[in-house]
Amino acid sequence: MTGPLAEVLDGQREADLQRAARALLKEPLLTADGPHADAFRLVRRHSAELREWFERNVGWTLRTDADAARLRKTPGTLTDATHPAREVGRAALPFTRRRYVLLCLTLAALERGESQVALGRLAEQVVLAAADPELVAAGITFTLERRDERIDLAAVVRLLLRLGVLRRVAGDEDAYVSGSGDVLYDVRRRVLAGMPAARRGPSLIESQGFEERLVEMTAQTSLDSDELRFRAIRWKLTRRLLDDPVLHYDDLTDEELAYLTRQRGFITARIGELTGLVAEVRAEGIAMVDPHDELTDVRMPEQGTHGHITLLLAGHLARADGPVTAAELASRVRELAAEHGGFWSKSAREPGTEPELVEQALEKIVALGLAERTEHGVVPRPALARYAVGEVVVGEPGRAHHPAVATDLIVKDEK
């Protein structure tokens with residue numbers, strides 16, 4: 001078929017492929033009957049093209065079947081802890097170490113269990129697994145007799161419900177936490193099987209150190225040729241451009257920087273074709289910008305009191321010549337409260353809340369790659385300079401407008 005109709009159909013196919021790729025980057029696990037069912041069907045329709053692109057360009061595998069689509073992602077930076085799993089709900093608190101351990105033990109118990117399980121029975125299996133001497137030696141114990149431990153298990157289960165690993169049949173997690181009831185779940189075994197993303201099972205890893213174990217679990221085959229080494233570099237750079245808000249050149253090795261200098265146009269063009277992200281190239285690094293502001297779990301600027309405080313502190317940090325301590329930032333928040341407090345929530349104006357407000361702002365700024373924490377304080381990164389232009393103008397209560405920041409310049413992060 002040729003002519004205008006063919007061009008329209010080709011354009012529609014490319015748009016659908018882009019939507020499918022963006023859906024996978026935002027939600028690497030999609031289920032047929034989940035909240036993103038339309039995206040799942042789109043991914044299945046274009047699974048062959050998507051699978052080939054991800055395998056060739058980033059070394060990620062895509063598995064699809066009638067129940068789920070799972071993109072097994074390996075991050076470009078293994079030690080980045082700024083995008084944790086979070087509670088399902090309004091608070092969205094980050095997972096603690098205890099909850100991560102509970103998540104792993106729960107997945108192991110579900111793998112060995114039946115197609116249906118009660119939360120009480122699942123808890124018993126987790127307690128048995130937690131008695132492992134190595135866990136005990138590491139200071140991790142679970143009895144699930146205390147309320148806070150049951151709350152942790154309920155948070156893990158709710159995450160698995162959101163991911164589609166479990167389906168609630170009857171009951172409620174709150175009743176289990178209070179000791180007044182139980183919950184029954186269907187275990188979706190195909191979805192469960194797709195959860196691990198490591199190339200090697202953790203039980204096969206011999207290293208003891210945390211970072212060393214991560215490297216072994218995600219390591220590629222032996223890189224004994226230039227072709228394999230360059231492919232590994234290309235994969236790592238493409239992963240970081242897809243996953244990280246900003247890629248700073250000074251974070252790269254000399255070999256990685258040399259490769260990126262030669263191949264930057266090719267790599268960014270390939271990403272742009274698949275995802276619609278636009279490369280913003282500066283002297284210090286690259287950000288793949290999302291014009292649609294969809295592929296992000298951290299937004300800046302953002303409405304509300306905390307968004308306003310974060311933006312003001314970002315502007316303050318951007319003008320700093322060196323490290324800024326948390327105490328200095330807290331002092332700055334007190335000054336800002338006197339100037340802008342009329343637009344803030346009442347709780348944010350309470351004396352003594354400054355350290356908490358600073359920490360909330362720093363979590364976002366650091367997660368976006370705009371600053372880093374050091375032993376001497378918070379150090380701004382080059383990308384933060386965009387927030388140093390002009391003064392913040394306050395509009396309606398709870399909303400801040402910054403002339404240096406347009407909504408189409410929000411950098412993306414799909415983690």
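**Overview of unusual backbone geometry**
With phi around 60 degrees, L144 is a residue other than glycine that occupies positive phi space. Residue classification places L144 among the buried positions, given a relative accessible area of 8%.

**Brief notes about helix α7 (residues 147-163)**
Helix length check: α7 (17 residues) gives 25 Å between terminal C-alpha atoms against 24 Å at 1.5 Å per residue, within 8%. With twelve of 17 residues buried, α7 is to be regarded as a mostly interior element. Inspection of α7 places E149, R150, D152, L153, A154, A155, V156, V157, L159, L160, L161 and L163 among the buried residues, and these make up the whole buried set. G164 sits one or two positions beyond α7 and adopts a positive phi of about 90 degrees.

**Details of the sheet that holds strand β9 (residues 285-289)**
Taken together, the three strands give an open sheet; going across it, the order is β7-β9-β8, and neighbouring strands pair in antiparallel fashion. Edge strands, defined here as strands with exactly one partner in the open sheet, are β7 (247-248) and β8 (278-281). Where β8 lies against β9, four bridges are found, and the strand directions are antiparallel. If you follow E280 over to β9, its bridge partner there is A287.

**Quick notes on the environment of A69**
Within the secondary structure, A69 is located in strand β3 (residues 68-72). A69 sits 38 residues away from T31 along the chain, and the two C-alpha atoms are 6.4 Å apart. In this structure A69 touches P28, L29, L30, F40, V43, R63 and T64, once residues within four positions along its chain are discounted.

**Some remarks on the packing of helix α13 (residues 305-318) against helix α15 (residues 354-367)**
Angle between the axes and distance between the axes: these two values describe a pair of packed helices. For the pair α13 and α15, the least separation of the axes is 9 Å and the interaxial angle reads 70 degrees. Judged on the interaxial angle alone, α15 and α13 are roughly perpendicular. On α15, the residues touching H306, I309, T310, L313, A314 and L317 of α13 are L357, V358, Q360, A361, L362, K364 and I365. Partitioned by chemical class, the residues of the contact of α13 with α15 number nine nonpolar, three polar and one charged.

**Points about the sheet that holds strand β4 (residues 116-118)**
Sheet strands pair via backbone hydrogen bonds, and the direction of the pair is either parallel or antiparallel. Taken in spatial order, the three strands make up an open sheet running β4-β6-β5, and their pairing is antiparallel. Of all the strands in the sheet, the pair left with one neighbour each is β4 and β5 (166-171). Strand-to-strand twist of the sheet, defined as the mean angle between neighbouring strand axes without regard to direction, takes the value 25 degrees. As defined by bridge partners, β4 adjoins strand β6 (residues 183-187) across three bridges and the pair is classed as antiparallel. Within β6, the position partnered with A118 by the bridge is L184. In the packing of α7 onto the sheet, contacts are made with β5 and β6, and the angle to β5 comes to roughly 120 degrees.

**Points about the pattern of salt bridges**
One pass over the full model with this rule turns up 35 salt bridges. Here R99 and E87 are joined by a salt bridge, their closest N and O atoms 2.7 Å apart. One end of the pair, R99, is in helix α4 (residues 97-112); the other, E87, is in the loop between β3 and α4, and twelve residues separate them in sequence. Note on R99: relative accessible area 7%, which makes it buried. What makes E87 partly exposed here is its relative accessible area of 21%. R121 serves as the salt-bridge partner of E124, at 3.2 Å between the closest nitrogen and oxygen. You can see E124 and its partner R121 sitting in helix α5 (residues 119-130), three residues apart, about one turn around the helix.

Rules and cut-offs
Residues numbered from 1 in each chain as written. Predicted model: local features only at pLDDT ≥ 70, side-chain atom pairs only at ≥ 80, totals over all residues. Heavy atoms only, no water. Buried < 20%, exposed > 50% of the residue type's maximum accessible area, 1.4 Å probe, protein only. Helix = DSSP H or I, 4+ residues; strand = E, 2+ residues; numbered from the N terminus. Expected span 1.5 Å × (residues − 1). Pairing = 2+ DSSP bridges. Contact = heavy atoms within 4.5 Å. Axes fitted to C-alpha atoms, helices over the stretch in contact; angles between N-to-C directions. Parallel < 35°, antiparallel > 145°, perpendicular 65-115°, else oblique. Nonpolar A, V, L, I, M, F, W, Y, C, P; charged D, E, K, R; others polar. Salt bridge = Lys/Arg side-chain N within 4 Å of Asp/Glu carboxyl O.

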